[in-house]
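Survey of secondary and tertiary structure
Chain by chain, the residues:
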Amino acid sequence: MTAFDLGRELNACRKAGLYRHRRVIDSAQGVALTVDGQRVINFCSNDYLGLANDSAVVAAFNAGASQYGVGSGSAHLVCGHSRVHHQLEDALADFTGRDRAVLFSTGYMANIGCISALVGAGDRVFEDRLNHASLLDGARLSGARFKRYRHGDIEQLQCFLAASSGAKKLVVTDGVFSMDGDLAPLPELVRATQASEAWLMVDDAHGLGVLGAQGRGVVEHHKLSQEDVPVLIGTLGKSFGTAGAFVAGSEALVETIIQKARSYIYTTALPPALAAATLASLQLLVSDDWRREKLRERIQQFRSGARQLGLPVTDSETAIQPLLVGDSHQAMRLSDALLTEAIWVSAIRPPTVPLGSARLRVTFSALHEAHHVDRLLCVLDKAWSQLS
Ligand SMILES: *Cc1c(COP(=O)(O)O)cnc(C)c1O
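Residues numbered from 1 in each chain as written. Predicted model: local features only at pLDDT ≥ 70, side-chain atom pairs only at ≥ 80, totals over all residues. Heavy atoms only, no water.

**Section: helix H7 (residues 154-163)**
Within the sequence span of H7, burial applies to Ile154, Gln156, Leu157, Phe160 and Leu161. Axial view of H7: buried residues confined to an arc of 160 degrees, hence all on one face. Turned more than 90 degrees off the buried face of H7, the exposed positions are Glu155, Cys159, Ala162 and Ala163. Packed against the buried residues of H7 are strand S4 (124-128), strand S5 (145-149), strand S6 (169-174) and helix H8 (186-195). Backbone nitrogen of Glu155 and a side-chain oxygen of the N-cap are separated by 3.2 Å at the start of H7; the cap is Asp153. (Buried < 20%, exposed > 50% of the residue type's maximum accessible area, 1.4 Å probe, protein only. Helix = DSSP H or I, 4+ residues; strand = E, 2+ residues; numbered from the N terminus. Arc of directions from axis to C-beta. Contact = heavy atoms within 4.5 Å. Polar contact = N/O pair within 3.5 Å; in protein donor to acceptor, adjacent residues only side chain to side chain.)

Dropping the structure here:
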């Protein structure tokens, strides 16, 4: 047996119910998808506002490609930073009420780049246990000493902060937890960080577009300032319906990122056409309150319906509505059973979620109609009763 017995490792993964495979989509993103040849109703996308295939966003993308071509040619610091990237950064700074913003090619890269640019050996990073993988990886990569506090446990965080002697202390949290849909206790986190001269970094991948007045996210929802939350991360692949990410904050923060974040410096800039498309989607995200209202109606419809059926809904009020299953095999069986009824809800298993907390992650979009949710509830009811 060789050291690289990948087949054996893959088999172990299969046996544990953790094997993942990709389903192939033959349609544009939306509520109705063609998946492996089958028409299904989609309940697992992060395109919460239905902008990924919006005609105005697509038109802006096409116009951007006509004007700028497809490739950006190089990194932002060489010759890849075009006017439309710059305009989008200004617009995102304005939208989030911050001095400046800087674009990244993905949220994953924004998080690893930002944390590593801010802290290093001799510093400390504290993270919520349920933070997104990119935030955890960013802390590991930074070389700072890294501790995780129990989910939402401010007291434990305060103990960690009080006991730490590092030079710089950075507290990092999801704004809306990506697999649970609950909100971070931001006002308490602000108090805890300010009391110990730490900085707070919030990744609002799932709050922007959905929460707060005009979709300004979880920071706006809690009426917090740039001083309260010095580092804000936004991703563009979710509510914005495009791709990429940004870091927003003070002039000095953004300049630090530009000078030091390796996942910013050493990578090709996003295609300018994507920035053009994102400018269009930002306009719709701000102006189309009906999308947020409709999304809220569908979420409420689902929650009250699921409660009546005795399904294990959580306290989440956001577009992310997990149904806890526990066992990974069972979560997969449920997801497969739903798919045979043309309802697509993905099963989320470890290591994306803690061991023993596999779940169905149901997500909603402003494009779902009431009858879609009715159908989901009906199919869920049947699949759940066959499980037990
Ligand atoms: C999706 C997500 C990311 C990663 O963003 P990408 O642009 O998809 O790389 C980062 N943080 C959170 C909380 C996310 O949900």
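**Thoughts on the sheet that holds S5**
With mixed pairing, the seven strands of this open sheet are ordered in space as S3-S9-S8-S7-S6-S4-S5. Two strands close off the open sheet at either side, each with one partner strand: strand S3 (100-104) and S5. In this sheet, adjacent strand axes meet at a mean angle of 20 degrees when their direction is disregarded. Judged from the five bridges that link them, S3 and strand S9 (residues 245-249) form a sheet pairing that is antiparallel. Looking at S9, one finds that Phe104 is bridged to Ala245. Sitting on the sheet, H7 touches S4, S5 and S6, and the angle it makes with S5 is about 155 degrees. (Pairing = 2+ DSSP bridges. Axes fitted to C-alpha atoms, helices over the stretch in contact; angles between N-to-C directions.)

**Quick notes on the environment of Leu92**
Tracing the sequence through the fold places Leu92 in helix H4 (residues 83-96). Residues Leu92 and Pro230, 138 residues apart in the sequence, show an inter-C-alpha distance of 15 Å. Aside from chain neighbours lying at most four places away, what touches Leu92 is Ala101, Leu103, Phe240, Phe246 and Leu282.

**Quick notes on the site of the ligand**
Neighbouring the ligand are 14 residues, the closest being Gly107, Tyr108, Asp203, His206 and Lys238. In this structure, an oxygen atom belonging to the ligand sits 2.7 Å away from a main-chain N or O atom of Gly107. Within the side chain of Lys238, an N or O atom sits 2.8 Å from an oxygen atom of the ligand. The protein chains hide 81% of the 380 Å² of surface that the ligand would expose on its own. With three residues, helix H5 (residues 107-118) is the largest single contributor of residues to the shell around the ligand. Grouping the constituent residues of the shell around the ligand by class yields two nonpolar, nine polar and three charged. (Near = heavy atom within 4 Å. Areas by Shrake-Rupley, 256 points an atom, 1.4 Å probe, with all protein chains shown as cover. Nonpolar A, V, L, I, M, F, W, Y, C, P; charged D, E, K, R; others polar.)

**Side note on the sheet that holds strand S11 (residues 343-344)**
Strand order in the open sheet formed by three strands is S1-S2-S11, with mixed pairing between adjacent strands. Of all the strands in the sheet, just strand S1 (32-35) and S11 have a single pairing partner and so form its edges. Relative to S11, strand S2 (residues 38-42) is paired through two bridges, and the arrangement is parallel. Bridged to Ile41 within S11 is Ile343.

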